[in-house]
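These are the residues of each chain, in order.
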Amino acid sequence: MSSALLEVEGLRVRLPTREGPVTVVDGVDYAVQPAEVFGVAGESGSGKTMSVLALLGLLPPGGAADGHALFGGRDLLRLRRSELRAVCGKEIGIVFQDPMTSLHPMLSIGQQIGEPLRIHLGLSRSAARRQAAELLDAVRIPDPESALRAFPHQFSGGMRQRVAIAIALAGNPSLLIADEPTTALDVTVQAGIIRLLDRLRRERGLSVILITHDLGVMSSIADRIAVFYAGRVVELADRESVVKRPRHPYTRALLDSLPHPEAPADTPLVPIRGMPPAAGAFPAGCAYHPRCAYAVASCTTEVPALVREGDRLLACPVDPLRE
Amino acid sequence: MTVLEMENIDVTYERRDHVKLKAVVGASLSIDRGQIVGLVGESGCGKSSLARAAVGLVAPTAGRVRFEGEDVAALTRRARPRALTRLQLVFQNPYSSLNPRRRVGEQIADGLTGDSGRRAGRSRRVGELLELVGLSAAAAQRYPSQFSGGQRQRIAIARALAADPSLIVLDEPLASLDASAQAQVANLLVELSRELSLGLLLISHDLAIVRHTAHAVSVMYLGRIVETGPTREVWSAPLHPYTEALIAAVPRPDGSGTMPEALPGEVPDPARPPTGCRFHPRCPYRFSRCPEEEPELEPAFPARTVGCWLPRDATPSPPSRRRAHTAAATTTNDSSTSSSHEEGVMPTHKGGTA
């Protein structure tokens, strides 16, 4: 896996709380390959977002990360802020959930796309403007020239998210981090954004880390999926293995709780019993054991290691779903 | 027994530039006790306006709302008539609909009416309500911030139940929740509706979750209801092209890597709705009649209605299957713009400066 674009090893993240620091990401390893959509799945509080924000130095104040994150021959976790700033927005682009808050309401679209072009690529004003129009065209904003003069409120949610993606692409990054990019959008619009990300991956060889709790979205586009629970990866494999033949009881339960388009109507949904644990109160042993239908005595004491099982990584020694 | 009846409702707002905006046009809806009716559509389709009209938060400019046989008058500065407390509303975001500074129990007790108004009775009733929504009675002593999103939504539902309602209108109650919490709350709604023979109007943009929850569904587009029917039948054979598009856009969590279908274009400005059928600019099956005349919602098959000019078959079948024998249907998918189209953008649409 030396060809990996990003290699994360032993990542730990601690955040300050009123009760003292709590570990929200606890020893995470993964690698993202070139031109792949790497899915990071899990419920709120699973550490999925923090595990990615940590790489970019975007943790909330007082947050601390250790471990390694190798990207282009450097360790992102060891870079100075100024060095990280040169990577962020240039080699790594970021798109957030809510394009209404991630875009500046008082600046025109042209100003917002132009800024990274001038800062990271050193383009002149006019060159930046031309490039910005091309980027808007690449994300299929109709009539890019007039869009440059428009302001965020003049766009719909879907179009704003396209603009946010165009800004993230401005530095011509090799990696795009998308944190719940479609969660705030209508399904009809979400479908378009999913297809856009897929095309960018194909046309530009862009790698995407897609963070979402929506396994439906994940199942449409991710090549590989890492399932997070209570700050750890519990299962990591290619899309088909995770979604069609899940092996971790949590992955199985998460899939069962979704409305399934092909399931007969009126079938009740099957929620996971209990609730995801809050950071700072992760249960001992396998953090999922209190909610797990297959838990045995050892699950309550021993933290399961993430081990290779064929072509997947699995953190469940009980392995009740093995065929 | 019909508990809520809405007939030919119009909701019109006046924008700051004095332009009249018809958010809801001629919408009719009825809900029986113990029935869950889903109301689905994209943002801006008028579903929340219709919900607000149902509970009297906005005054319809035309039509009539009847709740338990009585006319619902819009809220004024005067006290809401007691009879209307049996008509409750739950909002989308349980982070903003609960008061962060008051204990959960106090907030639920606000809604209590009648005999349970006495003090000891009150706290017992609050405990019962919390247990009814799957929380422990002890939760009454805690504050909203001590609960997860799914739990807060349960608290909001318990507060609505305190008034002993016969109907609850829920505006996107599941949208801000994780998959598992979403399933829990959806199942809770089904149970409550059955056990308390409670009518529920469930507003959602997610047809997939509505399908597992609601008995009947109304699909709304740009202020008009375009299709109604039993949820199961609408899902398996949608009659309106818009309903078909909503279903095709649902991502399949099956691991196959199938891309959901994007619906090209956007919901137009409701102040200037397209001529004829409001959906025609985005409809892949439109033909000459569509931009000319607006189709009325009419009975199509038993228990189903649709507002669409496409010819129907002898049995319900989706537009894509009927298209083969609709010679008049024109294709809008020319190859040069297909990638924009697949990604949900109408290249001719003037976005941005609208």
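Parameters and conventions
- Residues numbered from 1 in each chain as written.
- Chains lettered and ligands numbered in written order.
- Predicted model: local features only at pLDDT ≥ 70, side-chain atom pairs only at ≥ 80, totals over all residues.
- Helix = DSSP H or I, 4+ residues; strand = E, 2+ residues; numbered from the N terminus.
- Rg over C-alpha atoms; globule rule 2.2 N^0.38 Å.
- Buried ≥ 20, exposed ≤ 12 C-beta atoms within 10 Å, placed from the backbone.
- Contact = placed C-beta atoms within 7 Å.
- Pairing = 2+ DSSP bridges.
- Axes fitted to C-alpha atoms, helices over the stretch in contact; angles between N-to-C directions.
- Core = buried A, V, L, I, M, F, W, Y, C linked by C-beta atoms within 7 Å.
- Domains from an automatic or database assignment.
- Expected span 1.5 Å × (residues − 1).
- Nonpolar A, V, L, I, M, F, W, Y, C, P; charged D, E, K, R; others polar.
- pLDDT = per-residue confidence, 0-100.
- Right-handed = clockwise from strand over helix to strand, strands pointing away.

Caption draft 1: View of the overall build of chain A. Helices and strands together make up the secondary structure of chain A, namely 11 helices and 12 strands. A compact globule built from 323 residues would reach a C-alpha radius of gyration of about 20 Å, and chain A, at 20 Å, matches this within 12%. Residue burial in chain A is summarised as follows: out of 323 residues, 52% are buried.

Caption draft 2: The overall build of chain B, seen in detail. Helix and strand counts for chain B stand at 10 helices and 12 strands. Its C-alpha radius of gyration of 22 Å places chain B within 12% of the 20 Å reference for a compact globule of 354 residues. Based on the C-alpha atoms only, the size of chain B along its principal axes is roughly 70 × 45 × 45 Å. Considering chain B as a whole, with its 354 residues, one finds that 49% of them fall into the buried category. Taking all contacts inside chain B whose residues are at least 6 apart in sequence as the whole, residues at least 24 apart take part in 63%.

Caption draft 3: How the structure looks around the sheet that holds strand 3 (residues 37–41) of chain A. Residue and element names in this part refer to chain A. With mixed pairing, the eight strands of this open sheet are ordered in space as 6-7-8-3-9-10-12-11. In this open sheet, the two edge strands, each paired with only one partner strand, are strand 6 (92–95) and strand 11 (307–309). Taking the axes of each pair of neighbouring strands and ignoring which way they run, one obtains an average angle of 20° across the sheet. Two strands pair when backbone bridges link them, and strand 11 and strand 12 (residues 312–314) are joined in this way by three bridges, in the antiparallel orientation. Paired with R308 across the strands is L313, a residue of strand 12. Its contacts with the sheet place helix 7 (residues 157–169) against strand 6 and strand 7 (175–179), and it is angled at close to 165° to strand 6.

Caption draft 4: Fine view of the nonpolar core. Membership of the largest hydrophobic core comes to 203 residues, with the highest contact counts inside it found for I209(A), L210(A), V227(A), V233(A), A54(B), L201(B) and L202(B). The residue makeup of this core includes at least three contributed by each of domain 1 (2–99 + 164–234) and domain 2 (238–354) of chain B. Once residues within four sequence positions are removed from consideration, L202(B) is found in contact with I36(B), V37(B), G38(B), L39(B), L170(B), L189(B), V210(B), T213(B) and A214(B).

Caption draft 5: Seen up close, the environment of Q92(B). Position of Q92(B) relative to the elements: it lies in the loop between strand 6 (87–90) and helix 2 (104–109). The residues touching Q92(B), leaving out its near neighbours within four places in the chain, are D171(B), E172(B), P173(B), A175(B) and S176(B).

Caption draft 6: Just helix 8 (residues 187–204) of chain A, in detail. Here helix 8 of chain A is 18 residues long and its end C-alpha atoms lie 25 Å apart, about the 26 Å a rise of 1.5 Å per residue gives. One or two positions beyond helix 8 of chain A, positive phi appears at G205(A), with a value near 65°.

Caption draft 7: Structural view of the sheet that holds strand 4 (residues 62–67) of chain B. All names here are of chain B. Across the sheet, which stays open at both edges, the four strands sit in the order 2-1-4-5 with antiparallel pairing between neighbours. Every interior strand has two partners, whereas the edge strands, strand 2 (20–32) and strand 5 (70–71), have only one. With two bridges connecting them, strand 4 and strand 5 associate as antiparallel partners. Counterpart to R66 in the pairing with strand 5 is D71. In the packing of helix 1 (residues 47–55) onto the sheet, the strands contacted are strand 1 (2–14), strand 2 and strand 4, and the crossing angle to strand 1 comes to about 120°.

Caption draft 8: Spotlight on the environment of S298(A). Residue and element names in this part refer to chain A. Note that S298 resides in the loop between helix 11 (249–256) and strand 11. C-beta crowding within 10 Å serves as the criterion here: with 13 such atoms nearby, S298 is assigned to the partly exposed category. Measuring from C-alpha to C-alpha, the distance between S298 and P317 comes to 9.4 Å, with 19 residues separating the pair along the chain.

Caption draft 9: Up close: the domain arrangement of chain B. All names here are of chain B. Examined at the domain level, chain B breaks down into domain 1 (2–99 + 164–234) and domain 2 (238–354). For domain 1 versus domain 2, the distance between C-alpha centres works out to 24 Å. Taken together, the contacts link 24 residues of domain 1 with 22 residues of domain 2. Elements with a contribution of two residues or more to the side of domain 1 that touches domain 2: strand 2, helix 6 (207–211), strand 9 (216–221), strand 10 (224–230) and helix 7 (231–236).

Caption draft 10: Seen up close, the interface of chain A and chain B. The partner chain B presents 50 residues to the 51 residues of chain A that form the contact. Looking at the side of chain A that touches chain B, its residues break down into 26 nonpolar, 14 polar and 11 charged.

Caption draft 11: How the structure looks around the confidence of the model for chain B. Residues and elements named next belong to chain B. Per-residue confidence for chain B gives a mean pLDDT of 88; residues scoring 70 or more make up 92%. Low pLDDT (under 50) marks residues 327–336, which in the prediction has 10 contacts with non-local residues, meaning those over four places away or in another chain. Note on residues 349–354: pLDDT is under 50 here. Beyond four places in sequence and across chains, it has 23 contacts. We note a pTM of 0.90 for the whole complex and an ipTM of 0.88 for its interfaces.

Caption draft 12: Region of interest: the pairing of strand 8 (residues 199–204) of chain B. All names here are of chain B. With six of six residues buried, strand 8 is to be regarded as a mostly interior element. Where strand 3 (residues 36–40) meets strand 8, five bridges bridge the pair, whose relative direction is parallel. Bridging across to strand 8, V40 finds its partner in S204. Sheet topology places strand 7 (residues 167–171) next to strand 8; five bridges connect them, and they run parallel. In the sheet register, I168 faces strand 8, and the bridge partner there is L200. The handedness of the strand 7 to strand 8 crossover, carried by helix 5 (residues 179–195), is right-handed.

Caption draft 13: Representation of the pairing of strand 11 (residues 298–301) of chain B in the model. Residues and elements named next belong to chain B. Taken together, the three bridges between strand 11 and strand 12 (residues 304–306) define a ladder with antiparallel strand orientation. Bridged to P299 within strand 12 is T305. Counting the residues in the hairpin turn of strand 11 and strand 12 gives two residues, including A303, whose phi is positive at 70°.

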